[in-house]
Each structure stands twice: as C-alpha cells, then as structure tokens.
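Here's the letter readout for the chains.
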Amino acid sequence: MKDDLRTARLALYEDMRAQKLIPLWESLHALVPTHPAAQYQPALWRYADILPHLKRSGEVITAEEAVRRVLVLENPALPGSAAITSTLYAGLQLILPGEVAPAHRHSQSALRFVVSGLGAYTTVDGERTSMHPGDFIITPSWTWHDHGNTGVDGACEPVVWLDGLDIPMLSFFGAGFAENADQASQTVTRPEGSSFARYGCNMAPVRQLHQGRHSPVFSYPYARSREALETLRRTAAIDAWHGVKLRYVNPQTGGYPMPTMATFMQLLPRGFSGQGHRSTDGTVYSVVEGSGVATIAGQRYTFAPRDTFVVPSWATVAFDAPSEDVVLFSYSDRPVQDAMGILREEFLPA
C-alpha cells in the first residue's frame, strides 16, 4: 500500500472513531468466520479434587447464609464470568443434613442433576420431590423453589448435585430477574409424585392441561432412565457415535423439558470405541457411572464417576469405554439453536 493511501486510511479511521464508527472490512472475517470459533475451551473438573473444597465450604458458611452453597465450575478461558460455556452456567451445590436453601425464584431456568447422597428434596411451585443420585430435576423459569436435607431411613448425609442454568444467556439478553420468598420453605400444596401421575405415564388430564413452555413433569428419576438405556443396549443397535443416547422430553409436547436447555442420558457399553462427532451446541457432561476417555479437539480427558467436563461448540469429541459400562448425563443450549434454525452437527466417519 502506498504511504499516502495508508495515511489517508488511518486518518479516516481516526475521524470515524469520534462518531462511534468502525470499518467493517477490518473485522469482517472475525465477525463472520468460516466455522465456529468458541471463546471457551474444553475442560474437566475431577470430583475427587472438588469434594474437599465442598466439605470445607460446609464448615465455614451455612446454606441459609449463602442462599445457595455452590462452587461454580468456571471455564478456564472465561475468567470472572461464572460461566462454563458462553451461554451456560454449571456449579456443584452442597446441602447438609438439617439445612434448608431458602425459597426464591428467578427468570433463569435451572436443572438439578443429583451427584451423590440421599435425604435431600427440592420443592417446585408447591410440589416436593425426593432427590436420588442420577435424578434429573427441573426448576422452570420464575417458579418458586427451595431445597432441604431431612435425611432418609435414619441416614443423615451430605447431598451434592450439579446445577445447570442459562444465566449467561439471559445476561446477554438483559432479561434477568429474581425474587426472594418471605419464608425459607414454601408450603407444600401437592403430594409427591402428583405431576408424574398426571403427565408421566403416557396420559394427561382431560381438563386443566398444563400451560407453559416447560415440562409439567419436573422430576425424572434415574431408575427409569437407566432401565430404558439398559433395554435398548440389549435390544437395539449401538450407535457408532453416541452408544445408546436418549433425550429427555416434555411429555405434553415431545419437545425439550425447558425452552433454553436440552438434557440427555447415554450409555457407552464396555468396550465401546466411538467415532468423532461435533455440533454447534456446547455441551456439559456429568459422569454418572463408569470410567472412560473423552477425546475433545484432539486432547484426551480421562474421567471417573461424578466428574464434570465440557465440550465446546464445533469441537470434535469421541468417547471410549474400554473396561466398563459408562453412563453420561449432559445438557446444552440446543433448544435455542433449534428455534433459531442454526443448529448444525456432523458425524465423522471412522
């Protein structure tokens, strides 16, 4: 470029800045890339490393003081963001015997995936459900919810679950609201299992159907999910990329349980060596059973039960379960991408 033309161009840019203008041609390739370039990276959090910090947090702050005693899983590439992907949040919550995490509600949708322990419950809009390892529980947007730990069958033990929320997504839209309840625990108005009885048995009420964009069933027991996976492992072909993978559904519509987050459970049979696949929905995984390997963007991550890891958008991932069956729970922002018509995935050949 001739010096006089370069000088004129730089002078133009300087004058434009005063009017809050920038030249698109200087950043077009970054703004509209040829393929997704996630601003966050693959990462794995080992439960064995996190548990001591969870226990210590239980010694120095109560659930009431903290409102939610949670250790946030922050992506290493997003420091200070409290985000595990650009749209999703993840954290491990601890509740001790006798504690109550006080009732509140917020516009952010939340999921609970129980990692360990028995004796806890969550109450959503007047219905309480017991929590067991592997259970998937939803807290829809703007629904009152509180948690507690009363013990079960004489056992009093700490309970830990994975919290997944769409906090970064709602922050982007500037649509976050929250409200605290007047009492720590809300009044239970429906017996446990009421929602499942109405909608979870391939039936629905004749009158007074559930209204809303979220599932009318808010607790999905692990025992039923595991049974389904096992039946398919015995009777159906094993997918070369996913093993046996099922999507949780809203039984009233067949859609996603929540409008912003999709949830999945999959089984990798012992000896499974998966082929690579990638998709535009960045995905958070929680290991339910078994040890194995996730190869993400060419890097191997060995995982064990209760570990958490994240696969970025358009990063190739392949799973291996060399020595034992593996069960994985996962969630992503797929419903939003589906609604926008931008979801894209690719299954790579062997």
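Please refer to the structure placed before this passage.
In this report, we go over the structure that sits alongside the text. (Residues numbered from 1 in each chain as written. Predicted model: local features only at pLDDT ≥ 70, side-chain atom pairs only at ≥ 80, totals over all residues. Heavy atoms only, no water.)

### Description of the layout of surface pockets
The method is simple in principle: a probe with the dimensions of a water molecule rolls over the atoms, and the space it marks as empty is what remains. Definition in use: Both cavities and pockets are sets of points on a 1 Å grid over the protein atoms alone; in a cavity a 1.4 Å probe fits but cannot get out, in a pocket the set is open with protein on both sides within 12 Å along at least five of seven lines, and lining residues sit with an atom within 4 Å of a point. Grid points are joined across faces, edges and corners, and a volume is the space filled by probe spheres set on the points. Helix and strand assignments follow DSSP, with helices taken as H or I runs no shorter than four residues and strands as E runs no shorter than two, numbered in order from the N terminus. Residues are grouped as follows: Ala, Val, Leu, Ile, Met, Phe, Trp, Tyr, Cys and Pro are nonpolar; Asp, Glu, Lys and Arg are charged; every other residue, Gly included, is polar.
Of the voids in this model, the largest pocket is the one considered here, and its volume is about 720 Å³. Around the largest pocket, the lining is made up of 23 residues, and of these Ser86, Thr87, Asp333, Gln337 and Ile342 lie nearest the centre. Counting residues per element, the ones that place at least two in the lining of the largest pocket are helix H2 (28-31), helix H5 (167-173) and helix H8 (334-340). Classifying every residue of the lining of the largest pocket gives 13 nonpolar, nine polar and one charged. The wall of the second largest pocket is formed by 19 residues, among which Phe196, Gly200, Tyr220, Tyr248 and Val249 lie closest to the centre. Elements with a contribution of two residues or more to the lining of the second largest pocket: helix H6 (194-199), helix H7 (222-235) and strand E13 (244-247). Broken down by element, the lining of the second largest pocket gets its largest block of residues, four residues, from H7. Looking at side-chain class alone, the lining of the second largest pocket contains 14 nonpolar, three polar and two charged residues.

### Considering the sheet that holds strand E10 (residues 159-165)
Quick reminder of the rule: DSSP-based pairing: two strands are paired if at least 2 bridges between them are found. Contacts between residues were defined by any pair of non-hydrogen atoms, one from each residue, lying within 4.5 Å. Axis angles are defined between N-to-C directions and span 0 to 180 degrees, where every axis is a line fitted to C-alpha atoms and, for a helix, only to the segment in contact.
An order of E2-E3-E10-E5-E8-E12 is seen for the six strands of this open sheet, with the pairing classed as antiparallel. Two strands close off the open sheet at either side, each with one partner strand: strand E2 (70-72) and strand E12 (219-220). Pairing of strand E3 (residues 89-95) with E10 involves seven bridges; the strand directions are antiparallel. Across the sheet, residue leucine 94 finds its bridge partner in E10, namely valine 160. Sitting on the sheet, helix H3 (residues 47-60) is in contact with E2, E3, strand E5 (110-116) and E10, with an inclination near 55 degrees to E3.

### Some words on unusual backbone geometry
With the exception of glycine, most residues fall at negative phi, and the peptide bonds are largely trans. Cut-off, in case you're wondering: Note on exposure labels: buried denotes an accessible area under 20% of the residue type's maximum, exposed denotes more than 50%, and partly exposed covers the range between, all computed with a 1.4 Å probe on protein chains only.
The residue aspartate 125 is not glycine, and still its phi comes out positive at about 45 degrees. Along the chain, aspartate 125 turns up in the loop between strand E6 (120-124) and strand E7 (127-130). Note on aspartate 125: relative accessible area 37%, which makes it partly exposed. Backbone geometry at arginine 306 places phi at a positive 80 degrees, although glycine is not the residue there. Of note, arginine 306 is situated in the loop between strand E19 (299-303) and strand E20 (308-311). Judged by relative accessible area, arginine 306 falls into the partly exposed class, the value being 36%.

### Examining H3
Condition: Here, expected helix span is obtained from the residue count minus one, scaled by 1.5 Å. The directions considered for the arc are those from the helix axis to the C-beta atoms.
If you check H3, its first and last C-alpha atoms are 20 Å apart, about what 14 residues at 1.5 Å a residue would give, namely 20 Å. Among the residues of H3, Tyr47, Ile50, Leu54, Ser57 and Gly58 are the ones counted as buried. Angularly, the buried residues of H3 cover 100 degrees about the axis, an arc narrow enough to put them on a single face. H3 presents Ala48, Lys55, Arg56, Glu59 and Val60 as exposed residues on the side facing more than 90 degrees away from its buried surface. If you follow the buried residues of H3, they end up packed against strand E1 (43-45), E2, E3, E5 and E10.

### Side note on the sheet that holds E7
One key point about sheets: their strands pair by backbone hydrogen bonds, in either a parallel or an antiparallel sense. Strand order in this open sheet of five strands is E7-E6-E9-E4-E11, and the pairing throughout is antiparallel. The open sheet is flanked by E7 and strand E11 (178-180), the only strands paired with a single partner. Going from strand to strand, the sheet's axes swing by 25 degrees on average, the running direction of each strand aside. The sheet contact formed by E6 and strand E9 (residues 145-149) spans five bridges and is antiparallel. Paired with alanine 120 across the bridge in E9 is asparagine 149.

### Focus on the pairing of strand E17 (residues 283-289)
Burial of E17 is extensive: six of the seven residues sit out of reach of the surface. Pairing of E17 with E20, which is carried by four bridges, proceeds in the antiparallel orientation. Among the inter-strand pairings, serine 286 is bridged to a residue of E20, identified as threonine 308. Alignment of E17 against strand E22 (residues 326-332), held across six bridges, turns out to be antiparallel. Looking at E22, one finds that threonine 283 is bridged to serine 332.

### Let's talk about the nonpolar core
Keep this limit in mind: For the purposes of this section, nonpolar cores are sets of buried Ala, Val, Leu, Ile, Met, Phe, Trp, Tyr and Cys residues that join through side-chain atoms within 4.5 Å.
In terms of nonpolar packing, the biggest core is built from 48 residues, with Ile84, Leu92, Phe136, Leu162, Met265, Phe329 and Tyr331 touching the most fellow members. Among the nonpolar cores identified, the runner-up in size contains 17 residues, and Leu268, Phe303, Val317 and Val326 belong to it.

### A few points about a nonpolar patch on the surface
This is how it is decided: Without a salt bridge and with relative accessible area above 30%, a residue can belong to a patch; like charges are then joined within 9 Å and nonpolar side chains (Val, Leu, Ile, Met, Phe, Trp, Tyr) within 5 Å. The Shrake-Rupley method, run with a 1.4 Å probe, gives the accessible areas here. Residue values count only the displayed protein chains as cover. We define a salt bridge as a side-chain nitrogen of Lys or Arg found within 4 Å of a carboxyl oxygen belonging to Asp or Glu.
Taken together, the side chains of Leu24, Leu28, Leu31 and Val32 make up a nonpolar region of the molecular surface, amounting to roughly 380 Å² of accessible area. Of the residues examined, leucine 28 reaches a relative accessible area of 36% and is grouped as partly exposed.

### What to know about the pattern of salt bridges
Pairs can form between side chains of opposite charge once their charged atoms are near each other. Scanning all chains against the criterion turns up 13 salt bridges. Salt-bridge contacts for glutamate 230 lead to arginine 226; the nearest nitrogen and oxygen are separated by 3.2 Å. One end of the pair is glutamate 230 and the other is arginine 226, both in helix H7 and four residues apart, which spans about a single turn. Residue glutamate 230 is classed as partly exposed on the basis of its relative accessible area of 21%. The class for arginine 226 is buried, based on a relative accessible area of 17%. Where arginine 226 meets glutamate 289, a salt bridge forms, and the shortest distance between an N and an O atom there is 2.9 Å. Of the two residues, arginine 226 sits in helix H7 while glutamate 289 sits in strand E17, which places them 63 residues apart along the sequence. Here the salt bridges share partners, and the residues they tie into one network are Arg226, Glu230, Arg233, Glu289 and Asp325.

On their own, these measurements won't tell you what the molecule is for.
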